[in-house]
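Listed below are the residues making up each chain.
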Amino acid sequence: MAHSMNSISGKTEATKTYRRDIPNTWWLKKGSYFLFILREISSVFVALYAIFLLIQLCALSGGQERYESTAAVFKSGWMIILHVVIWVFVMYNMVTWFRISGRIFGAKPLSPVLVTISNYIIWLIVSIGIIFLLLKG
Amino acid sequence: MCLLKKINALEPLWWSLFGAGGMVAAFLLPAHIFIQGIAIPLGWVSPDMFNYSSLIGIVGNPIVKIYLFFMIILPLYHAAHRIRLTLEDLRIEWLNHILPLIFYGGATGLTVVTLIVLIRI
Amino acid sequence: MGEEITLNITRYNPDKDGKYTTQRYSIPYKNDWSILDALNYVKAELDGSLTYRWSCRMAVCGSCGMMVNGTPRLTCSTYLNEFYPKEITIEPLANFPVIRDLVVDINDFMAKLKSAKPWIIRKNKRDEDDTSKEYLQTTGQMDKYYQQTLCINCTLCYAACPVYGLHPDFLGPAVIALGHRYNKDSRDEGKADRREVLASEHGVWKCTVVGDCTEVCPKHVDPSAAIQRTKVDSAINWFFSFLTGRK
Ligand code: SF4
Ligand code: FES
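Since the model is a prediction, treat every value here as computed from it, not as a measurement.

Reading the values: rules and limits
Along each chain, the written sequence defines residue order, and numbers are assigned to residues from 1. For naming, the first written chain is A and the first written ligand is 1, with later ones following in the order written. Note on the predicted model: pLDDT of at least 70 is required for a residue's local features to be given, and 80 or more for side-chain atom pairs to be given and counted; whole-chain, interface and lining totals, by contrast, use all residues. By convention in this description, side-chain values take in all heavy atoms of the structure and omit both hydrogens and water. The buried label goes to any residue with under 20% of its type's maximum accessible area, the exposed label to any with over 50%, and the partly exposed label to all in between, with areas taken from a 1.4 Å probe on protein chains only. Put simply, DSSP H or I for four residues or longer makes a helix, DSSP E for two residues or longer makes a strand, and each gets a number counted from the N terminus. Here, any two strands with at least 2 DSSP bridges between them count as paired. Salt bridge, as used here, is a side-chain nitrogen of Lys or Arg placed within 4 Å of a carboxyl oxygen of Asp or Glu. Pairs of residues are marked as contacts when any of their non-hydrogen atoms sit within 4.5 Å. Interaxial angle, 0 to 180 degrees, is taken between N-to-C directions of lines fitted to C-alpha atoms, where a helix line uses only the stretch in contact. Across the chain, each position has a pLDDT score giving the predictor's confidence in that residue, from 0 to 100. When two components associate, each loses some accessible surface as probed by a 1.4 Å sphere; the sum of these losses over both components is called the buried area. Here a polar contact means two N or O atoms within 3.5 Å. Within protein one must be a hydrogen donor candidate and the other an acceptor candidate, and residues neighboring in sequence count only if both atoms are side-chain atoms. The cutoff for a nearby residue is simple: one of its non-hydrogen atoms must lie within 4 Å of the molecule or strand. Polar here means any residue other than Ala, Val, Leu, Ile, Met, Phe, Trp, Tyr, Cys and Pro, which are nonpolar, and Asp, Glu, Lys and Arg, which are charged; Gly is therefore polar. Sulfur atoms of two cysteines make up a disulfide when they are within 2.5 Å.

### Examining the pairing of strand β4 (residues 71–74) of chain C
Residue and element names in this part refer to chain C.
Here's step 1: In β4, alternate side chains face the same way, and those of Pro72 and Leu74 are buried while those of Thr71 and Arg73 on the opposite face are not.
Here's step 2: Note: strand β3 (residues 65–68) against β4, four bridges, orientation antiparallel. Looking across to β4, one finds that methionine 66 is bridged to arginine 73.
Here's step 3: The hairpin formed by β3 and β4 contains two residues between the paired strands, and asparagine 69 there has a positive phi angle of roughly 45°.

### Notes on the pattern of salt bridges
Here's step 1: Overall, the coordinates contain 22 salt bridges over all chains when judged by the stated rule.
Here's step 2: Here Glu189(C) makes a salt bridge to Arg122(C), at a shortest N to O gap of 3.7 Å. Of the two residues, Glu189(C) is situated in the loop between α7 (173–183) and α8 (191–198) and Arg122(C) in the loop between α2 (107–115) and α3 (125–129); the sequence distance between them amounts to 67 residues.
Here's step 3: Given the relative accessible area of 32%, Glu189(C) is considered partly exposed.
Here's step 4: Owing to a relative accessible area of 13%, Arg122(C) belongs among the buried residues under this scheme.
Here's step 5: Through salt bridges with shared partners, one network takes in Glu11(B), Arg84(B), Glu88(B) and Lys206(C).

### Topic: the side chain of Asp188(C)
Residues and elements named next belong to chain C.
Here's step 1: Of note, aspartate 188 is situated in the loop between α7 and α8.
Here's step 2: The exposure class of aspartate 188 is buried, given its relative accessible area of 10%.
Here's step 3: For aspartate 188, the contacting residues outside a window of four places in its chain are Trp119, Ile120, Ile121, Tyr182, Asn183 and Arg194.

### A word on the sheet that holds strand β2 (residues 21–28) of chain C
Residues and elements named next belong to chain C.
Here's step 1: Across the sheet, five strands lie side by side as β2-β1-β5-β3-β4; this open sheet has mixed pairing. One side of each edge strand has no neighbouring strand; the edge strands of this open sheet are β2 and β4. The mean inter-strand angle of the sheet, taken between neighbouring strand axes irrespective of direction, is 35°.
Here's step 2: Pairing between strand β1 (residues 4–11) and strand β5 (residues 88–91): three bridges, direction parallel.

### Here we look at the confidence of the model for chain B
Here's step 1: Looking at chain B as a whole, the pLDDT averages 94, with 99% of positions reaching at least 70.
Here's step 2: As scored by the predictor, the complex reaches a pTM of 0.92 and an ipTM of 0.94.

### Looking at the interface of chain A and chain B
Here's step 1: Each partner contributes to the interface: chain A provides 50 residues, whereas chain B provides 50 residues.
Here's step 2: Interface area, chain A with chain B, both sides summed: about 4,500 Å², of which 75% is carbon and sulfur.
Here's step 3: Counting every contact that joins chain A to chain B gives two salt bridges.
Here's step 4: A salt bridge links Glu40(A) to Arg82(B); its shortest N-O distance comes to 3.2 Å.
Here's step 5: Summed over the shared surface of chain A and chain B, the result is six residue pairs in polar contact (both at pLDDT 80 or more).

### Points about unusual backbone geometry
All names here are of chain C.
Here's step 1: Omega for the peptide link from tyrosine 84 to proline 85 comes to 5°, which places this bond in the cis form.
Here's step 2: Note that proline 85 resides in the loop between β4 and β5.
Here's step 3: Positive phi outside glycine occurs at aspartate 222, with the angle close to 55°.
Here's step 4: With respect to the helices and strands, aspartate 222 occurs in the loop between α9 (212–216) and α10 (223–244).
Here's step 5: In this structure aspartate 222 comes out as buried when scored by relative accessible area, which is 14%.

### Details of the interface of chain A and chain C
One frequently used descriptor of interface size is the decrease in accessible area upon assembly of the parts.
Here's step 1: Each side of the interface is counted separately: chain A has 23 residues, and chain C has 35 residues.
Here's step 2: Along the contact surface separating chain A from chain C lie two salt bridges.
Here's step 3: In this structure, the salt-bridge partner of Glu215(C) is Arg103(A), at a minimum N-O distance of 3.3 Å.
Here's step 4: On the surface where chain A and chain C come into contact, there are 14 residue pairs in polar contact (both at pLDDT 80 or more).
Here's step 5: At the level of elements, β2 (17–18), α1 (31–61) and α3 (77–105) of chain A are the ones that each hand at least two residues to the side of chain A that touches chain C.

### Details of the site of ligand 1
Here's step 1: Taken together, Cys151(C), Ile152(C), Asn153(C), Cys154(C), Thr155(C), Leu156(C), Cys157(C), Ala174(C), Cys217(C), Pro218(C), Val221(C) and Pro223(C) are the residues near ligand 1.
Here's step 2: Considered class by class, the residues forming the shell around ligand 1 number ten nonpolar, two polar and no charged.

### Re the state of the cysteines
Residue and element names in this part refer to chain C.
Here's step 1: Using the criterion set out here, one finds zero disulfides over all chains in the structure.
Here's step 2: Unpaired in terms of disulfides, cysteine 213 finds its nearest cysteine sulfur in cysteine 157, a separation of 6.4 Å.
Here's step 3: A residue is classified by how much of its surface remains accessible, and cysteine 213, at 9% relative accessible area, is buried.

Given below as structure tokens:
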């Protein structure tokens, strides 16, 4: 594939066609593309949290001393800020996920909005359940 | 080369893991992150559960172990799939060939680590 | 003369030096003119060499798609009054090779469309020719694929799809939507035939659900949903054949 702006590629014998190349900054050109990339980037933060959990479990398996020093790191200011950032991205990931699942499963007789709303209701119930277990369990 | 082909042929598996990870990330993670990563460190809540001796007991429960296993590995596959596809858009041909190996391989490696850590607790 | 509106139109002549340029035209503004009417005015009154495709003028034939201010639109059903008094930029559909001015080469799309076998396939080939046989269908069965039958092959969704732009081998939205349409038809038995194409490495798995195909589709085909449903079907089939060892 030609990569210059105005390149000519003789496709058929009769006519010379040209192709406009897409720059790697294509996702800055349109709001919907930007939101798409934001959604993809949110998965980095999803992974980061999974790795944090793994680190905490590792520390737990390493004995009390190691667990407590790791727990102290997770209480530090910049770690809290990082978790707020992670949380915001994970929330965004959730919003996009429910919108898309509405689209996939919202075929007749269900409607996309109905599927998305029921996703949110389930999310609410599950979240309350998790919070209850974490606080009272 | 042969390994790379095999990884590519498993596309339906990677996509399913990605989808399952999306479910976990959407339904479970927000509440966990909010409580464990923000509310507790800030001292808004201080459940008795979060000290070494209680945690060891709770995580020792096999059901909790299974829950934690999927809560860790599925989001990893979720992210692996998305990051791989996004990086493919950079159109660096040699890199695109090995992206599935790097990311699905990485997620699978961390799955093994998670398994070992959970078994040893 | 009354009000005027400015059109910035991409020009390209393959017989000349091979550079594409933008040409400005000022034309009278008519409240009820479509972009296509405006182009027809330019061709009739200002520049007879302007080349573009159109036929039905009523959003049915799918041949008048162009980029209007950066968004793929059917020019026969996009009106000047949406933009007036601002200038309008009209470019050939993105992601396709350009033949001349506003005309793009959609051979790639046509070949892919054929590869997805968008027609009813019967296991017993005699069924396909036997016109005496009736295949009754309930409205519920028809609902499963009706939305995708509305596709007019305008390729706006291809112009909106960054995955197609970046990876020209990708089958793309409309082709997968139309494959899905026949897969979901109760009279069809060709799912397995289509799977090789739809679930190939250039098929559904390449889609990253940007969703703009659905946004720009003038017929509300919702190709994005059709692709995701095909992914679900393909994954289920993959697990099934993995467990049973069947192909
Ligand atoms: S799916 Fe919609 S946008 Fe794509 S070719 Fe068909 S009618 Fe046009
Ligand atoms: S001219 Fe037929 S769709 Fe516009």
